[in-house]
Amino acid sequence: MAFDHIERHAPNLIHGAMAPFINRTQLQAGSGPAGDPRTTDSLVNAAAAHHRPETFLQWIIATADRLASGFEREAFEKYNAAKEGNENTSTGRNHYQARLLSLLEQVQLDGQAQSPTLKTLKWRYPLKALSPQAIFPQPRESCEPGQDGPAQQEYAQLWQQFLEALQAIPATHRGQWPLWLDHFDTAWLTFTHAIPSATAFGSKPEVSLYDHSKTTAALAVALWRWHEAEGQTDAAAAQRLKERRDWDEQKFLLIQGDFFGIQDFIFADGGQTRRDAARLLRGRSFQVSLFTELAALKVLDALQLPPTSQITNGAGKFLIVAPNTAQARKQLAAVRQELNDWFLQHSFGLAGLGLASKAASGNDFLDKQPSHRFQALMNELFADLERAKLHRFDLTASSAPAVFAIHYPYGVCRYNDRLPADKEDAGQASAALSRDQIAIGKGLSRQDRLLVLRDRTAIAVGSSVTQLEVPIFGYTVAFTADEDQSGKFGNLAANASLARCWDFSLPTSLDEMLWHGYARRYINAYVPRFTSLDLQTQAKYLGIEGSVDVDDVQQGAGKTFNHIACEDRQPKREDTSNASNWQGQVALMTLKGDVDNLGMLFQQGLQAPTFAKMATLSRQLNAFFAVYLPALCTKEFPNTYTVFAGGDDFFLIGPWHSTQKLAARMAEAFRTYVAGNPGITFSAGLCMTKPGLPMQTLVAQAEDALEEAKGSNHTDPAQRKNALVVYGERVRWSEWKAIESLQQQLEDVRADYDLSTSYIYGLLHLIDLKQDTKNPEHPMWRSRFAYRTRRYVVDKLKHADPQMQTQLRHQAQTRLAQVLGEQGLEQLGSKFRIPLFNHFYRQR
């Protein structure tokens, strides 16, 4: 029934080429291609029969379904025999009511408390279309209906949205299966990411329909391609699959890609102006994601695999499932050489993308004790990727260049002094790769579609289309605006020039549905732009060492780092048009962080890991940083510049104080995102700098702060990681609320008692004295605090009524002792510096 609806908006299933399946016309005639009577499976029949497979193609899909779920023989036979009905899942809800469990809630690392049971799992995903908010789990009672009626209504609404979404895919793109299927994959993710894949015979609804079907499809394609290449497509082959007699044969090739040298590439130095720094970062960060996506596409094209064979892609890494055939291995070697040659030519080896492959059998996807073969397979994949990093460019091969034959007719590139300039314009020399980065940095604010073209001359460059100079791995890349301005690219799809068409627009709100009719790639990053309010308050940008050009302030234009550094300034008076009426430190705060113990999460976190579960974990961790974080910045932190965010790490630059609040907001949201699991955390390092410093300096300082936040040298393992460092002080996330609370109380007592700068500054000396236990005067910090406070109160607080004066002074001394003495010096200790520094910087 679902296919009856889908095929109206899909490539031609009635008369089109469908091999190895037969189309509707052939099915009605009772024969397959060229009259082959053995070919009797339509796409619909082969998929629908996966519970009770009989033919070879049906067994291909059923076997892939089994491997994706990690089923052993007994479990699979029970699964095949199960009937869809009103049976309850293991969570006590029937198939209408059951909502998807959170795998992140179930992850357990060594040393954690007892593993959660079904009764203790409290979180579920709401049955809603994909949006930045919908990727968060909710308490079970708030999103899992207890009656069939409301539960069915949620499914009905989601189904109707899905049917409408299919109509949004351009009809002209149906002529190319890969192009249409890439769009469909995004639509499928949007509407099935929260649907449990299994709700029969007491199953545990913990893997989404999207992740299960995606991994099943990838495995089925690879399995069929292997059998086709080996000539094993008859009934005997189906029988061997059924009886698992050939499940130890290595039919699968798992291909991993990993971009190395990310930071060296993004933060390369040059003589660029300050105005170009932000654009360069934006362009380079986007290029890293673009290189990874196009490298994956190159592998798919070379091995003739569909988009659904790519299981994961994020943070410069991807995983593809391919057939383990001689031809596939040969083609992969050719792609590896092509990628190496491209990066050596355009980056001289400063960046690159490694490819690692691992042969696997069907039994390797199972994790039955005591062998734990799937867990071993995952560990080997991680190890292979590390080895690939050490074998980059195959430099020991005889064909590897020892010295590059490079000429510098125009000198070095002004944006990257390691690249030779190939063009000079108005006295400014640059390299084509750098000019592309600037073009990307400028264009991302105006364009939200990306075209991947096989023919460089296929599209006319104009006001609505920007084409990059440098072809990437043989593909031409162009950016274009909304389809209403540039059309739906039907002519490019019709002549097969259009390899991919990606939507990379950012969500404008937390509840915006992430589907716009095209395949989506989460490769864009949030960039601050001037608003109408900024135009009204632009005096805050003036008079800052002459580094801010007022002509840059235009609505919709991207802010430079000099502008961002001014955004935490506050008006001292109502007249905001005068630069002297603004106060506050002009500074940037760099925020760098990553998820703690990531390798252990994937290698040891799940009790019963499967291929579909691993895909789910990878997608969900990436989504927090690549989907939610840009939307959060849009709504709550609009002056934060995202250098990169995805996979398990992030690098942000923003105003010095707002960025601290963003870090805390992220930590709070992440706790909810992982369903309150104390074993999944992230650490972060923050460093404050003046605008204009070299990016390498910011990176190095942020790296040092992050390393300190990890606390690797801490004597108590329980105190390591799950922390942040700011102003050189290491703070556990659980302590941050106390710091924020004291920050507000400090502002309150300063206003109430008109505390002088010298009094507050003296608290820093008392912190040093309290921390210096070797100082003979160390024990005197309390008495000195009491003396200074008493003296200040007596000198400052006066009243005509002696009784009222005594009462006022007593109240002030008591309150200051409680806020600054007990909560600040006594409880926070050296961490009291954080609210004090923030206070001073806000007054400058």
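This text follows the structure it describes.
Summarised in this report is the structure supplied together with it. Please read all numbers here as calculations on a predicted model, not as lab measurements.

Conventions we followed
- Residues numbered from 1 in each chain as written.
- Predicted model: local features only at pLDDT ≥ 70, side-chain atom pairs only at ≥ 80, totals over all residues.
- Heavy atoms only, no water.
- Helix = DSSP H or I, 4+ residues; strand = E, 2+ residues; numbered from the N terminus.
- Rg over C-alpha atoms; globule rule 2.2 N^0.38 Å.
- Buried < 20%, exposed > 50% of the residue type's maximum accessible area, 1.4 Å probe, protein only.
- Contact = heavy atoms within 4.5 Å.
- Areas by Shrake-Rupley, 256 points an atom, 1.4 Å probe, with all protein chains shown as cover.
- Lys, Arg positive; Asp, Glu negative; His and termini not counted.
- Charge placed at Lys NZ, Arg CZ, Asp CG, Glu CD.
- Polar contact = N/O pair within 3.5 Å; in protein donor to acceptor, adjacent residues only side chain to side chain.
- Salt bridge = Lys/Arg side-chain N within 4 Å of Asp/Glu carboxyl O.
- Core = buried A, V, L, I, M, F, W, Y, C linked by side-chain atoms within 4.5 Å.
- Bend = angle between axes of the 7 residues up to and from the residue.
- Pairing = 2+ DSSP bridges.
- Axes fitted to C-alpha atoms, helices over the stretch in contact; angles between N-to-C directions.
- Phe/Tyr/Trp six-rings, centres within 6.5 Å; stacked < 30°, edge-to-face > 60°.

Moving on, we get to the overall build of the protein. A count of helical and extended segments in the protein gives 29 helices and 21 strands. Here the C-alpha atoms of the protein give a radius of gyration of 30 Å, agreeing with the 28 Å that 2.2 N^0.38 yields for 844 residues. For the protein, the spread of C-alpha atoms along the three principal axes comes to 110 × 70 × 50 Å. Counting across all 844 residues of the protein, residues that qualify as buried make up 55%. The contacts in the protein between residues at least 6 apart in sequence include a share of 69% that link residues at least 24 apart. Counting only carbon and sulfur atoms, one obtains 49% of the accessible surface of the protein, whose full area is about 35900 Å². Each charge sign in the protein was given a centre, from 89 positive and 91 negative side chains, and these centres are 3 Å apart.

In this section: the side chain of D594. The residue D594 is located in strand β16 (residues 588-595) in this model. Of the polar contacts made by the side chain of D594, one reaches the side chain of K710; its length is 2.4 Å.

What follows covers the pattern of salt bridges. Under the defined criterion, the tally for this structure stands at 43 salt bridges. Between E567 and K540 there is a salt bridge whose closest N-O contact spans 2.8 Å. With E567 in the loop between α20 (561-564) and β14 (570-571) and K540 in the loop between α19 (532-536) and α20, the pair connects residues that are 27 residues apart, well separated along the chain. The pair formed by E567 and K540 is uniform in burial state, with each residue classed as buried. Taking the shortest distance from any N to any O, the salt bridge between R784 and E777 comes out at 2.9 Å. Through salt bridges with shared partners, one network takes in R93, R124, R140 and E144.

Grouped together as the largest cluster of nonpolar side chains are 122 residues, with contacts concentrated most on F365, M666 and L820. The contacts of F365, once residues within four sequence positions are left out, are L67, G70, L219, F252, L254, A360, F374, L377 and F611. Core analysis: the second largest hydrophobic core is formed by 74 residues, L281, L305, F393 and M695 among them.

The principal kink in helix α28 (residues 802-828), of about 30 degrees, is found at G821. If you follow the buried residues of α28, they end up packed against α25 (736-753), α26 (757-771) and α27 (781-796). With a side-chain oxygen positioned 3.0 Å from the backbone nitrogen of Q803, the residue opening α28 is D801. The positive-phi residue at the C-terminal boundary of α28 is G829, with phi of around 65 degrees.

This paragraph deals with the pairing of strand β4 (residues 310-314). Pairing analysis gives four bridges linking β4 to strand β5 (residues 317-323), with the strands arranged antiparallel. Paired with N313 across the strands is F318, a residue of β5. Once β4 ends, the chain turns through two residues before running back antiparallel as β5, passing A315 with a positive phi of about 55 degrees.

This part is about the sheet that holds strand β13 (residues 519-520). Hydrogen bonds between backbone atoms are what pair the strands of a sheet, whose relative direction is either parallel or antiparallel. Taking strand neighbours across the sheet as the criterion, the five strands line up as β10-β11-β9-β12-β13 in an open arrangement whose pairing is mixed. Lying at the two open borders of the sheet, with one neighbouring strand each, are β10 (465-467) and β13. Summarising the sheet, strand β12 (residues 498-503) and β13 pair through two bridges and their orientation is parallel. Residue pairing in the sheet places D503 in a bridge with R520 of β13. Packing against the sheet, helix α9 (residues 177-192) makes contact with β12 and β13, and its axis sits at approximately 20 degrees to β12.

Moving on, we come to the packing of aromatic side chains. Tallied over the entire structure, the rule returns 48 aromatic pairs. With centroids separated by 6.1 Å and ring planes inclined at 70 degrees, the aromatic side chains of F259 and F265 adopt a geometry described as edge-to-face. By relative accessible area, which is 3% here, F259 ends up buried. Of the residues examined, F265 reaches a relative accessible area of 9% and is grouped as buried. Here a set of aromatic residues connected by ring pairs shows up, and it is made of F136, F624, F625, Y628, F650, F670, Y673, F682 and W733.

Below, the discussion takes up the environment of R730. Tracing the sequence through the fold places R730 in strand β21 (residues 729-732). A relative accessible area of 18% means that R730 is categorised as buried. Residues R730 and E708, 22 residues apart in the sequence, show an inter-C-alpha distance of 7.3 Å. Leaving out residues up to four positions away in the same chain, R730 has contacts with E708, A709, K710, G711, H714, Q719, R720, K721, A723, L724, V725 and K831. In terms of polar contacts, R730 uses its side chain to reach the backbone carbonyl oxygen of A709, at 3.0 Å. A polar contact of 3.5 Å, which involves the side chain of R730, links it to the backbone oxygen of K721.

This paragraph deals with the sheet that holds β4. Taken together, four strands build an open sheet; the order of strands is β4-β5-β3-β6 and the sheet is antiparallel. Lying at the two open borders of the sheet, with one neighbouring strand each, are β4 and β6 (352-360). On average, each strand axis in the sheet is inclined to that of its neighbour by 20 degrees, with strand direction left out of account. Across nine bridges, strand β3 (residues 252-260) lies against β6 in antiparallel orientation.

On to the side chain of D436, then. Among the secondary structure elements, D436 is positioned in helix α16 (residues 432-443). Lacking a salt bridge, the buried D436 has R435 as its closest oppositely charged neighbour, with an N-O distance of 6.7 Å. Contacts of D436, omitting those with residues within four sequence positions, involve Q287, L468, E469 and V470.

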